[in-house]
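One letter stands for each residue in the lines below.
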Amino acid sequence: MERPRVWRPEVAADGSFDPFAGFKHKVRALPLQTMARGETKLPTKVSCVWNAIVMEQGEAAAEAYRSEVRAWVSDQGTERSIPKFPLAPACLNLRPSGDAAAASAGADLQADCRPLFAGSLDVSGFMHVLYNGLETAITALPEWSLYQKELRAITKLLGDQSYQEVVHQKMFLPAGASHAERDLLLAFNKKHLDWRWETLEGVMAQWVPLRPVLAKYWDPAKLPETDSGAARLVAQALASTWHELMSHWLHGLTSAFGQETRWLEGCYCHEQLLRGRRRWERDLGMLREAGSTKCAWKGKLLASLAMGHKESMKQSISLAGTPEFRQVVLQSSAAEASRIVDMDSLVKRSLAHILDEKLSYLTCLPYKVAGAFGAYCGYTLAQAKDTGAGG
């Protein structure tokens, strides 16, 4: 039995198609639940979840719905404990009234309490795990504090269109910058957000090639006096060999990290089409190949994870680094080269430990059973049989 490498929906003569043809699906509209500030404790969240279920499904089907929840994200704050919250059927029918029967119903709650979603399995939020791990590993470095200040100044003065135009008009054009150099400046549009570490990859991809160009034309005196602090930080970054070294290092590390996270968001059917491409390229390719920008199998990669794909992720991150980074290391002083190599080793070991800690459960039962389908995901039939049998 072979699984087709590309899944295409049936297209009618008039060009219309149903992207979900061949799959049973249901469009849902969960009622919005709101909570007051300071009232976001676990019991309140459980109450809101149950209220949404009852409003959507009706009381008659709510208990059946409760038994059919199969997975729950296990690492998202207090929400991770919602499935395990003990709740009895009698409690689910209580109403805020003075009814004596309802008030006395709580006496028997402990007799038949069970978790709200007793049949659900914990599943990691993979993006949350990976980028939180990256944040933890990098922010623990003593060098990160100063580098982050410089990076914020850079993204402020180059990423904001109004500042960027000042740099372009007052520094690049009068000095005779080439079209290619000006294009590098005008293409810079990334922001580093402390609470969204996936943005760091995009910032590094644009900053590393722009840095040597900006060093040729940067003139802090051309900026308003109110921005002199940020301008000095940018000048400091441009003059620092350590900043250059750390930028190349982060570029290689975040690029490898981004490739793995994009794999987790992709599918087996269109892996070659999706990996290493920008969003518009991926969407255009998917439209041509499958007739839709999203595949029905997007993100459904448990079979590979059960087969131990975590080890491939660790290897990819351990080998992260660009040829330019290695060249800059060789040109650096012995002290700086030694320090960046130590940092590289320390961060990669930390990331490997986090992946082991957070994702090892996927190679254990019951998740490991999904490895029986590994033959459809690039593994040999023997490997799939061995994993699916619990070997």
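Residues numbered from 1 in each chain as written. Predicted model: local features only at pLDDT ≥ 70, side-chain atom pairs only at ≥ 80, totals over all residues. Heavy atoms only, no water.

Draft legend 1. Geometry of helix α7 (residues 161-172). Taken together, the buried positions of α7 are Gln-164, Val-167, His-168, Met-171 and Phe-172. Viewed end-on, α7 has its buried residues packed into an arc of 110 degrees, placing them on one side of the element. Looking at the buried residues of α7, the elements they touch are α6 (144-159), α8 (179-186) and α9 (199-217). (Buried < 20%, exposed > 50% of the residue type's maximum accessible area, 1.4 Å probe, protein only. Helix = DSSP H or I, 4+ residues; strand = E, 2+ residues; numbered from the N terminus. Arc of directions from axis to C-beta. Contact = heavy atoms within 4.5 Å.)

Draft legend 2. Focus on the environment of Asn-189. Residue position: Asn-189 is located in the loop between α8 and α9. Note: C-alpha distance between Asn-189 and Gly-159 (30 residues apart in sequence) is 4.6 Å. With residues near it in sequence (within four places) discarded, Asn-189 still touches Gly-159 and Gln-206.

Draft legend 3. Fine view of the packing of aromatic side chains. A complete count under the given rule lists 6 aromatic pairs for this structure. Considering the side-chain rings of Trp-144 and Trp-197, the 5.4 Å spacing of their centres and the 40 degrees angle between planes classify their relative orientation as tilted. One end of the pair, Trp-144, is in helix α6; the other, Trp-197, is in the loop between α8 and α9, with 53 residues separating them in the sequence. Take Trp-197: its relative accessible area is 4%, and that puts it in the buried class. Arranged with centres 4.9 Å apart and planes meeting at 80 degrees, the rings of Tyr-361 and Tyr-367 form a pair that is edge-to-face. Classification of Tyr-367 by relative accessible area gives buried; the value is 12%. An aromatic cluster is present here, built from Trp-144, Tyr-147 and Trp-197 joined pairwise through their rings. (Phe/Tyr/Trp six-rings, centres within 6.5 Å; stacked < 30°, edge-to-face > 60°.)

Draft legend 4. View of the confidence of the model for the protein. Residues of the protein with pLDDT of at least 70 account for 83%, and the chain-wide mean is 80. Considering only residues more than four positions removed or in separate chains, one finds that residues 1-6, a stretch of pLDDT under 50, has 9 contacts. Overall, residues 94-111 carries pLDDT values under 50, and its contacts beyond four positions in sequence, including any with other chains, amount to 7 contacts. (pLDDT = per-residue confidence, 0-100.)

Draft legend 5. Structural context of empty space enclosed by the protein. Per the stated rule, a full pass over the model turns up 1 cavity of 30 Å³ or more. Space inside the largest cavity adds up to approximately 40 Å³. As for the largest cavity, its lining consists of Val-129, Leu-130, Gly-133, Phe-257, Ile-317, Leu-351, Ile-354 and Leu-355. The residue makeup of the lining of the largest cavity, split by class, is 7 nonpolar, 1 polar and no charged. (1 Å grid on protein atoms, 1.4 Å probe; cavity = no way out; pocket = protein on both sides within 12 Å on 5 of 7 lines; lining within 4 Å. Points joined across faces, edges and corners; volume = space filled by probe spheres on them. Nonpolar A, V, L, I, M, F, W, Y, C, P; charged D, E, K, R; others polar.)

Draft legend 6. Representation of the packing of α7 against α8. Put simply, α7 and α8 touch, their axes get as near as 10 Å, and they point 160 degrees apart. Of the possible angle classes, the one that applies to α7 and α8 is roughly antiparallel. Seen from above, α7 lies across α8 with right-handed handedness. For the pair α7 and α8, contact is made by Gln-164, Val-167, His-168 and Phe-172 and by Glu-181, Arg-182, Leu-185 and Leu-186, respectively. (Axes fitted to C-alpha atoms, helices over the stretch in contact; angles between N-to-C directions. Parallel < 35°, antiparallel > 145°, perpendicular 65-115°, else oblique. Left-handed = near helix turned anticlockwise from the far one by under 90°.)

Draft legend 7. Main features of unusual backbone geometry. For the bond running from Leu-365 to Pro-366, omega is 5 degrees, close enough to zero to count as cis. Take Pro-366: it is sitting in the loop between α17 (334-359) and α18 (381-388).

Draft legend 8. Fine view of the side chain of Glu-181. Take Glu-181: it is sitting in helix α8. Looking at Glu-181, its side chain comes within polar contact range of the side chain of Tyr-217, at 2.6 Å. (Polar contact = N/O pair within 3.5 Å; in protein donor to acceptor, adjacent residues only side chain to side chain.)

Draft legend 9. Region of interest: α6. By the burial criterion, the buried members of α6 are Trp-144, Tyr-147, Gln-148, Glu-150, Leu-151, Ala-153, Ile-154, Thr-155, Leu-157, Leu-158 and Gly-159. Contact partners of the buried residues in α6: α5 (126-139), α7, α8, α9, α10 (228-239) and α11 (241-264).

Draft legend 10. Highlighting the pattern of salt bridges. According to the stated counting rule, one finds 11 salt bridges in the structure shown. We note a salt bridge from Glu-63 to Arg-66, for which the minimum N-O separation is 3.4 Å. With a gap of 3 residues between them, Glu-63 and Arg-66 both fall in helix α2 (residues 59-68), about one helical turn apart. Accessibility expressed as a relative area gives 0% for Arg-66, which makes it buried. Lys-310 is the partner of Glu-311 in a salt bridge, and the nearest nitrogen-oxygen pair spans 2.9 Å. Judged by relative accessible area, Glu-311 falls into the partly exposed class, the value being 43%. Residues joined by salt bridges that share partners form a network here, namely Lys-310, Glu-311, Lys-314 and Asp-356. (Salt bridge = Lys/Arg side-chain N within 4 Å of Asp/Glu carboxyl O.)

Draft legend 11. Local environment of the environment of Glu-63. Look at Glu-63 and you get partly exposed, because its relative accessible area is 30%. Looking at Glu-63, its side chain comes within polar contact range of the side chain of Arg-114, at 2.4 Å.

Draft legend 12. Molecular detail of the packing of α11 against helix α16 (residues 323-331). Axis separation between α11 and α16 bottoms out at 8 Å; the angle between their running directions is 155 degrees. Looking at the two axes, α11 sits roughly antiparallel to α16. At the point where α11 passes α16, the crossing takes the left-handed sense. Here α11 contributes Glu-244, Leu-245, His-248 and Trp-249 to the contact with α16, which in turn contributes Glu-324, Phe-325, Val-328 and Val-329. Grouping the amino acids of the contact of α11 with α16 by side-chain chemistry returns 5 nonpolar, 1 polar and 2 charged.

Draft legend 13. Broad picture of the nonpolar core. Residues Trp-207, Trp-218 and Trp-249 are the most contacted members of the largest nonpolar core, which totals 66 residues. Sort the elements by how many residues they give to this core and α11 lands first, with 10 residues. Among residues more than four places away in sequence, those in contact with Trp-249 are Leu-141, Phe-325, Ile-340, Met-343, Asp-344 and Val-347. In this structure, Val-46, Trp-50, Ile-53 and Leu-87 belong to the second largest nonpolar core, which totals 11 residues. (Core = buried A, V, L, I, M, F, W, Y, C linked by side-chain atoms within 4.5 Å.)

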